[in-house]
Amino acid sequence: MTPDSRAWTIAREDFEHARRSRLLWGALALISLLVVPSFWSVTGSYHAVDGRPSPPLQAVLDVPAYLSTYLFVIVAALAYGAVAGERESGTIRLLLGLPGTRCDVLVGKLLSRVGMLLVSVVPLLAILATTIVVRQGTVPFVPFAVVAAWVLLYGIAWTTFAVGASAAFDSRYRALAAVAGTYIAFAYNVPIWPAVVDPLLTSLLPAGMESYVPRLNPTLALFYTGEWLVSRVTPVTADIGTAPALVSVLVLLLVGVGGPLLGYRRFERADL
């Protein structure tokens with residue numbers, strides 16, 4: 001794909017439009033107000049304890065927990081209307097007539113919304129790193145870089161899923177319901193997964209493989225894999241082994257790739 005291809009043109013135009021979204025920046029401002037003061041308070045409360053990671057490293061390990069739910073809010077605000085909004089307003093015909101294929105539209109939207117995710121989340125991660133430095137005197141650079149990269153990859157996977165869901169529907173509200181409904185089905189603080197799916201999968205898997213059940217939940221990949229990744233670059237001991245961690249990564253990749261593929265199939269067949 002060349003820089004002057006139709007997909008890149010759509011991506012650039014959509015990026016300019018998306019970055020003016022009051023919904024996105026309002027959500028980001030609200031999340032910053034919710035996350036940063038709380039993280040500031042907790043980060044300052046860590047003290048050295050024998051057998052525990054150092055206080056700065058404890059703060060780094062807490063970053064995924066503080067961003068998990070809020071990161072999904074950013075993703076939803078950013079991506080749910082990416083294609084569905086164009087279909088709802090009728091401007092999708094303009095995009096397809098300039099000329100451009102449906103694949104160009106979807107790829108352009110994916111590039112644009114992933115770019116906006118990076119623009120939105122990277123500054124927030126920088127603020128959290130600065131908070132650790134101020135409160136603890138230093139930030140472990142390599143572990144924080146690993147965690148930050150994983151947070152961004154997690155956000156990208158859910159963003160591509162949400163753009164795919166947006167392409168599958170001709171209404172922003174249906175797309176939002178699909179995105180939010182999928183997340184709620186997996187969210188561990190909602191009764192569906194712990195009360196229904198977890199026990200069902202545990203009963204179906206062979207004996208001794210029960211530990212893999214949480215790794216099949218793509219919303220939990222942020223915690224488990226993040227901790228495992230940090231254990232690769234520090235003396236910290238992770239609660240999970242390499243195989244379960246890789247299962248978590250694979251499940252997240254399936255979400256990130258499966259969303260656009262299924263969304264494109266519906267989008268390609270839709271009567272526009």
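Here, the structure is the one placed above.
Here goes a summary of the coordinates provided. (Residues numbered from 1 in each chain as written. Predicted model: local features only at pLDDT ≥ 70, side-chain atom pairs only at ≥ 80, totals over all residues. Heavy atoms only, no water.)

**What to know about the overall build of the protein**
Working step 1: Each helix and strand counted, the protein has 11 helices and zero strands in total.
Working step 2: Radius of gyration (C-alpha) of the protein: 20 Å, near the 19 Å computed for a compact globule of 272 residues.
Working step 3: Expressed as lengths along the three principal axes of its C-alpha atoms, the size of the protein is roughly 65 × 50 × 35 Å.
Working step 4: Of all 272 residues assigned to the protein, the portion counted as buried reaches 45%.
Working step 5: A separation threshold of at least 6 residues defines the contact pool for the protein, and within that pool the share at least 24 residues apart is 78%.
Working step 6: Of the accessible surface of the protein, which amounts to about 13,100 Å², a share of 67% is contributed by carbon and sulfur atoms.
Working step 7: The centroid of the 19 positive side-chain charges in the protein is displaced by 6 Å from the centroid of its 16 negative side-chain charges. (Helix = DSSP H or I, 4+ residues; strand = E, 2+ residues; numbered from the N terminus. Rg over C-alpha atoms; globule rule 2.2 N^0.38 Å. Buried < 20%, exposed > 50% of the residue type's maximum accessible area, 1.4 Å probe, protein only. Contact = heavy atoms within 4.5 Å. Areas by Shrake-Rupley, 256 points an atom, 1.4 Å probe, with all protein chains shown as cover. Lys, Arg positive; Asp, Glu negative; His and termini not counted. Charge placed at Lys NZ, Arg CZ, Asp CG, Glu CD.)

**Notes on the pattern of salt bridges**
Note on pairing: side chains with opposite charge can pair once their charged atoms come close.
Working step 1: Throughout the structure, instances matching the rule amount to five salt bridges.
Working step 2: Between arginine 174 and aspartate 170 there is a salt bridge, with the nearest N and O atoms lying 3.3 Å from each other.
Working step 3: The class of arginine 174 is exposed, set by a relative accessible area of 51%.
Working step 4: Through salt bridges that share partners, Asp14, Glu86, Lys109 and Arg113 make up one connected network. (Salt bridge = Lys/Arg side-chain N within 4 Å of Asp/Glu carboxyl O.)

**Comments concerning the nonpolar core**
Working step 1: Val63, Leu67, Val121, Leu125, Phe144, Val151 and Trp158 are the most contacted members of the largest nonpolar core, which totals 61 residues.
Working step 2: When residues in this core are grouped by element, the largest group, 14 residues, is from helix 7 (residues 141-168).
Working step 3: If we ignore the near neighbours within four places in the chain, the residues touching phenylalanine 144 are Val60, Val63, Leu125, Ala129, Ile132 and Val139. (Core = buried A, V, L, I, M, F, W, Y, C linked by side-chain atoms within 4.5 Å.)

**Some thoughts on helix 1 (residues 6-18)**
Working step 1: The first and last C-alpha atoms of helix 1 sit 18 Å apart over 13 residues, in line with the 18 Å expected at 1.5 Å per residue.
Working step 2: Those residues of helix 1 not exposed but buried are Arg6, Ala7, Thr9, Ile10, Ala11, Asp14 and Ala18.
Working step 3: The secondary structure elements touched by the buried residues of helix 1 are helix 2 (22-44), helix 4 (84-89), helix 5 (92-96) and helix 6 (102-136). (Expected span 1.5 Å × (residues − 1).)

**What to know about the packing of helix 6 against helix 7**
Working step 1: Here helix 6 crosses helix 7 at 150°, and the two axes come no closer than 9 Å. Here helix 7 runs roughly antiparallel to helix 6, going by the angle between their axes. Here helix 6 runs over helix 7; the crossing is right-handed. The residues of helix 7 that touch helix 6, namely those facing Leu106, Lys109, Leu110, Arg113, Val114, Leu117, Leu118, Val121, Val122, Leu125, Ala129 and Ile132, are Phe144, Ala148, Val151, Leu152, Gly155, Ile156, Thr159, Thr160, Val163 and Ala167. (Axes fitted to C-alpha atoms, helices over the stretch in contact; angles between N-to-C directions. Parallel < 35°, antiparallel > 145°, perpendicular 65-115°, else oblique. Left-handed = near helix turned anticlockwise from the far one by under 90°.)

**Considering helix 2**
Working step 1: Its 23 residues give helix 2 an end-to-end C-alpha distance of 33 Å, which sits within 8% of 33 Å, the value for a rise of 1.5 Å per residue.
Working step 2: Those residues of helix 2 lying buried are Leu24, Ala27, Leu28, Ile31, Val35, Val36, Phe39 and Thr43.
Working step 3: Buried residues along helix 2 sit in contact with helix 1, helix 3 (55-79) and helix 6.

**Quick look at the environment of serine 112**
Working step 1: One can find serine 112 in helix 6.
Working step 2: Overall, serine 112 belongs to the buried group, its relative accessible area being 1%.
Working step 3: Along the backbone, serine 112 and alanine 77 are 35 residues apart, and their C-alpha atoms lie at a distance of 14 Å.
Working step 4: Among all residues touching serine 112, those that are not within four sequence positions of it are Ala11, Asp14 and Phe15.

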